[in-house]
Amino acid sequence: MIKPMLCKTGKPFNSKEWIFELKLDGTRTIAYIENKSLKLINRRGKNFTSRYPELKDLPKHVKSNCILDGEIVVFNDKGIPDFYQLATREQTTRKAKIEILSKTMPATFVIFDILKKDGKNLMNLPLMKRKKILRETVKDYEYAFVIDYIEEFGKNFFKEAVKKGFEGVVAKKKNSVYEQGVRSSNWLKIKAKETIDAIVIGYTEGKGKRKNTFGALVLGAYKDNELIHIGRVGTGWKENDLKQIKSLLEKIVTKNCPVKRSFEKWKDYEAKYKVKWVKPKLVAEIEAMEITPKLELRAPSFKRLRFDKPIEECVLSN
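**A look at the environment of I30**
Phase 1: Summarising the element assignment, I30 is placed in strand β3 (residues 27-34).
Phase 2: Classification of I30 as buried rests on a relative accessible area of 3%.
Phase 3: Sequence spacing of I30 and W187 is 157 residues, and the spatial spacing of their C-alpha atoms is 17 Å.
Phase 4: The contacts of I30, once residues within four sequence positions are left out, are I2, P4, K39, L40, I41, I67, L68, D69, L115 and Y178.

Here it is, written out as structure tokens:
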């Protein structure tokens, strides 16, 4: 099973040695196409092909057996990725509802790399060679297309992308090989707002309008191979988020604090905020101004749950 190449973070820049693509708010997906059959695998290694029946015709638009890398995205009526609609698609399992949503809320597979073709490994080829092969292999259609890019002028591209409502851009070095499973400095995600992927380790009691849901999510992340507490987030939700997340949390409640070894005052914290701990299974994407020297998020805001990301990837950089 191929593990996707991952990005490090960066700032806007110009360079003739790099290309720049739109950063899409979607689910990272490796597509396996063989003998006109399709298999979609997310970052957690889960086969979720059945969730997107609108993509079943993708093999008809591909000239060869191949393995493709891209993002599954749900675009809104302005052509901007809508992660709320995507979350609805990601969490729907009933076949009848999947069929309805595939027509009323269709997804698109946006392709940006080709890793194998007719059994030949392409990952050691430079990026621009892979891009050329990708264009020769895949024909765009209603539910899938090969992403465009610009060369050199990353600063202006970033500025215009953010102005139009995109998260930012991804910069890729032209001569870079595909580093499977590596978070590489040859690919950089450049975002308007910094985010961190955190592990949900608990939730606090809700008050007032939130009495039947929760007040905040308690968050953790890995530091030096140990799960630690990094604060809590209590803003950023829509009403539907609160109800949906509460139902997921109730299924994984535990009496044990997941970080008690690295969090000496966890009992006081539990009593003060009326915390219910949960098993570390859910990943939340959080916007925050910074991570303080005490390793807590400053001014955090909830963005979405990440069902495609394993908790092992929620690591604080040194």
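Resuming the write-up.
**Here's the deal with the environment of G45**
Phase 1: Looking at where G45 falls in the secondary structure, it is placed in the loop between β4 (37-42) and β5 (66-73).
Phase 2: The spacing of G45 and D308 is 263 residues in sequence and 8.8 Å in space, taken between C-alpha atoms.

**Describing the pairing of strand β12 (residues 195-204)**
Phase 1: Summarising burial for β12: nine of the ten residues are buried, a large majority.
Phase 2: Where β12 and strand β16 (residues 283-287) come together, five bridges link them in antiparallel fashion. If you follow D197 over to β16, its bridge partner there is E285.
Phase 3: Pairing between β12 and strand β15 (residues 275-277): three bridges, direction antiparallel. Counterpart to T204 in the pairing with β15 is V275.

**Digging into the sheet that holds strand β2 (residues 15-23)**
Phase 1: Across the sheet, five strands lie side by side as β1-β11-β10-β2-β9; this open sheet has mixed pairing. Lying at the two open borders of the sheet, with one neighbouring strand each, are β1 (6-9) and β9 (150-152). Geometrically, the sheet is characterised by an average inter-axis angle of 40° between neighbouring strands, direction not taken into account.
Phase 2: As paired strands, β2 and strand β10 (residues 168-173) are joined by six bridges and run antiparallel to one another. Residue pairing in the sheet places E21 in a bridge with V170 of β10.
Phase 3: Where helix α3 (residues 127-137) meets the sheet, its contacts fall on β2, β10 and β11 (183-191), and the angle it forms with β2 comes to roughly 50°.
Phase 4: Across the sheet, helix α4 (residues 154-163) touches β2, β9, β10 and β11, and the angle it forms with β10 is around 150°.

**Describing helix α2 (residues 95-104)**
Phase 1: Those residues of α2 not exposed but buried are I98, L101 and S102. On an axial view of α2, the arc spanned by its buried residues comes to 105°, and they lie on one face. Of the exposed residues in α2, those oriented more than 90 degrees away from the buried face are A96, I100, K103 and T104.
Phase 2: Considering only its buried residues, α2 is in contact with α1 (83-90).

**A few points about the packing of aromatic side chains**
Phase 1: Counting across every chain of the model gives 14 aromatic pairs.
Phase 2: With a centroid separation of 6.5 Å and an interplanar angle of 25°, the aromatic rings of F75 and F145 are classed as stacked. Highlighted residues: F75 in the loop between β5 and α1 and F145 in strand β8 (residues 144-146), separated in sequence by 70 residues.
Phase 3: Taking the centre distance of 5.8 Å and the plane angle of 85° together, the rings of Y178 and W187 count as edge-to-face.
Phase 4: Members of the aromatic cluster, each reached through a chain of ring pairs, are Y203, F214, W237 and F302.
Phase 5: Sitting above the plane of the Y32 ring, K39 keeps its charged end 5.3 Å from the centroid.
Phase 6: Positioned over the ring face of W187 is K172, at 4.0 Å from the centre of the ring.

**Here we look at α3**
Phase 1: Of all the positions in α3, only L127, R130, K131, I133, L134 and T137 are classed as buried. Buried residues along α3 cover an arc of 165° about the axis, so they all sit on one side.
Phase 2: Contacts from the buried residues of α3 go to β2, β5, β6 (108-117), β8, β10 and β11.

**So, unusual backbone geometry**
Phase 1: Even without a glycine there, the phi angle at D118 is positive, about 50°.
Phase 2: Its place among the elements puts D118 in the loop between β6 and β7 (120-121).
Phase 3: The exposure class of D118 is exposed, given its relative accessible area of 53%.
Phase 4: Located in the positive-phi region is K274, a residue other than glycine, with phi close to 50°.
Phase 5: In this structure, K274 sits in the loop between α6 (266-273) and β15.

Calculation notes
- Residues numbered from 1 in each chain as written.
- Predicted model: local features only at pLDDT ≥ 70, side-chain atom pairs only at ≥ 80, totals over all residues.
- Heavy atoms only, no water.
- Helix = DSSP H or I, 4+ residues; strand = E, 2+ residues; numbered from the N terminus.
- Buried < 20%, exposed > 50% of the residue type's maximum accessible area, 1.4 Å probe, protein only.
- Contact = heavy atoms within 4.5 Å.
- Pairing = 2+ DSSP bridges.
- Axes fitted to C-alpha atoms, helices over the stretch in contact; angles between N-to-C directions.
- Arc of directions from axis to C-beta.
- Phe/Tyr/Trp six-rings, centres within 6.5 Å; stacked < 30°, edge-to-face > 60°.
- Lys NZ or Arg CZ within 6 Å of the ring centre and 35° of its normal.

Purely spatial values, then, with no claim about function.
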